[in-house]
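# Fold and contact review
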Amino acid sequence: MLLGFNTAILDECTFEEVIDFASENHFKCVELCAWPKGKAVRKYAGVTHLDVDNYDVNYVKEYIARKGIEISSLAYYPNALDPDQEKSSVYIEHLYKLIRAAKELDVPLVNTFIGRDQSKTVEENLELMKTTWIPIVNYAEELGVKIGIENCPMLFTSDEWPGGQNLMTSPAIFRRVFDIIPNENFGLNFDPSHFVWQQMDYIKPLYEFKDRIFHIHFKDIKVYEDRLNDVGIMATPLEYIAPKLPGLGDVNWAKYVSALTDINYKSYAVIEVEDKAFEDTIEMKKESIKISKNYLSQFFA
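Here is a short report on the structure shown in this document. (Residues numbered from 1 in each chain as written. Predicted model: local features only at pLDDT ≥ 70, side-chain atom pairs only at ≥ 80, totals over all residues. Heavy atoms only, no water.)

## Let's talk about the overall build of the protein
- Secondary structure summary: the protein contains ten helices and ten strands in total.
- Computed over C-alpha atoms, the radius of gyration of the protein comes to 18 Å, within 12% of the 19 Å expected from 2.2 N^0.38 for 301 residues, which places it in the range of a compact globule.
- Principal-axis analysis of the C-alpha atoms places the extent of the protein at approximately 50 × 40 × 40 Å.
- Burial statistics for the protein: of 301 residues in total, 55% are counted as buried. (Helix = DSSP H or I, 4+ residues; strand = E, 2+ residues; numbered from the N terminus. Rg over C-alpha atoms; globule rule 2.2 N^0.38 Å. Buried < 20%, exposed > 50% of the residue type's maximum accessible area, 1.4 Å probe, protein only.)

## As for helix 9 (residues 253–262)
- All of the buried residues in helix 9 are Trp 253, Tyr 256, Val 257, Ala 259 and Leu 260. Buried residues in helix 9, looked at end-on, bunch into an arc of 155 degrees, giving them a common side. Turned more than 90 degrees from where helix 9 packs its buried face, Lys 255 and Thr 261 sit exposed.
- As for helix 9, its buried residues are in contact with strand 6 (186–190), helix 7 (204–208), strand 7 (213–218), strand 8 (220–223) and helix 10 (282–296). (Arc of directions from axis to C-beta. Contact = heavy atoms within 4.5 Å.)

## Here's the deal with a nonpolar patch on the surface
- Taken together, Trp 161, Ile 233 and Met 234 make up a surface patch of nonpolar side chains, about 350 Å² in accessible area.
- Assignment of secondary structure puts Ile 233 in the loop between helix 8 (225–231) and strand 9 (241–244). (Patch = residues over 30% accessible without salt bridge, like charges linked within 9 Å, V, L, I, M, F, W, Y side chains within 5 Å. Areas by Shrake-Rupley, 256 points an atom, 1.4 Å probe, with all protein chains shown as cover. Salt bridge = Lys/Arg side-chain N within 4 Å of Asp/Glu carboxyl O.)

## Let's talk about the sheet that holds strand 6
- Around the barrel, eight strands lie side by side as 1-2-3-4-5-6-7-10; this closed barrel has parallel pairing. Put simply, the sheet's adjacent strands are angled 30 degrees from each other on average, direction ignored.
- Looking at chain direction, strand 7 and strand 10 (residues 268–271) are connected through four bridges and run parallel. Bridge pairing in strand 10 links His 217 to Val 270.
- Packing of helix 3 (residues 85–105) onto the sheet brings it into contact with strand 3 (70–75), strand 4 (109–112) and strand 5 (146–150), and relative to strand 4 it is tilted by some 155 degrees.
- Where helix 9 meets the sheet, its contacts fall on strand 6 and strand 7, and the angle it forms with strand 7 comes to roughly 165 degrees. (Pairing = 2+ DSSP bridges. Axes fitted to C-alpha atoms, helices over the stretch in contact; angles between N-to-C directions.)

## What to know about a negative patch on the surface
- There is a patch of like negative charges on the surface, built from Glu 141, Glu 142, Glu 184 and Asp 211.
- Structurally, the position occupied by Glu 142 is in helix 4 (residues 122–143). (Lys, Arg positive; Asp, Glu negative; His and termini not counted. Charge placed at Lys NZ, Arg CZ, Asp CG, Glu CD.)

## Overview of unusual backbone geometry
- Pro 162 follows Trp 161 through a cis peptide bond whose omega is 10 degrees.
- Considering the arrangement of structural elements, one finds Pro 162 in the loop between strand 5 and helix 5 (171–180).
- Despite not being glycine, His 26 has its phi angle at roughly 65 degrees, a positive value.
- By secondary structure assignment, the location of His 26 is in the loop between helix 1 (15–24) and strand 2 (29–33).
- Of the residues examined, His 26 reaches a relative accessible area of 64% and is grouped as exposed.

## Let's talk about helix 1
- Burial in helix 1 covers these residues: Phe 15, Val 18, Ile 19, Asp 20, Phe 21 and Ala 22.
- On its buried face, helix 1 is in contact with strand 1 (2–6), strand 2, helix 2 (57–67) and helix 10.
- At the exit of helix 1 stands His 26, carrying a positive phi of roughly 65 degrees.

## As for the side chain of Asn 166
- Mapping Asn 166 onto the fold places it in the loop between strand 5 and helix 5.
- A residue is classified by how much of its surface remains accessible, and Asn 166, at 0% relative accessible area, is buried.
- Looking at Asn 166, its side chain comes within polar contact range of the main-chain oxygen of Glu 150, at 2.8 Å.
- In contact with Asn 166, not counting residues within four places along its chain, are Phe 113, Ile 114, Gly 115, Arg 116, Ile 149, Glu 150, Asn 151, Cys 152, Pro 153 and Met 154. (Polar contact = N/O pair within 3.5 Å; in protein donor to acceptor, adjacent residues only side chain to side chain.)

So, in structure tokens, the structure goes:
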């Protein structure tokens, strides 16, 4: 596995500063945020370390090669099934741009969400998905680019209630989606933390979907039992959970990494920091990545 980090937490940094930090701290890769320039729609969104409307292919390739860093994926996580057609059209257009940029830069993967109309059922969203995603995946396949869908429900606050803004939330839905889109370039960016707060097994799916796991996240989550007992599972999740650095939450990382070795996973393993305790300054943000790497070093040579 190649250890890296998602660059969203370093939103104040330039492309060069992100790559320099990765190189200086002996990472192998970065999941490079490539949102369109403009106002962020939510926290951790809107981060642009690669502007796909204005970049020099040779410069980017030369810079990462000189620093010994790979780009594990171009990262962009909008709601492509947003019921507002004007918004979804913008999101979809940018996804196509990312696929072309990934091809030009020899980046193997674009990581994103399926999206979801939060007011509609799973069945209705599966139908919506066909129109949007079959052409996107086919286009990426033509260019030799993979699409990795993160398993985050995007349901944390009342803004995303009731259904959340990402369809790809459970093994039952994974199977349905992969039946509809069987392309081999279409798979998962698997994050165990999202299964923990949903009170689901995050180990078994690694075995079932091993051929679909293109990328993984190292992000932890803490479920506060006293809060959960007070508000119940029907509450908005941030009422009883909090994202944490790896090792500071409820994920059993030894079991997780053991399962990854069982399935012979050798691809990208990326730290994703969303821990509020480490967000006050850029120095704290960088320290959070270093702390995570130090913890995970027990599993990496």
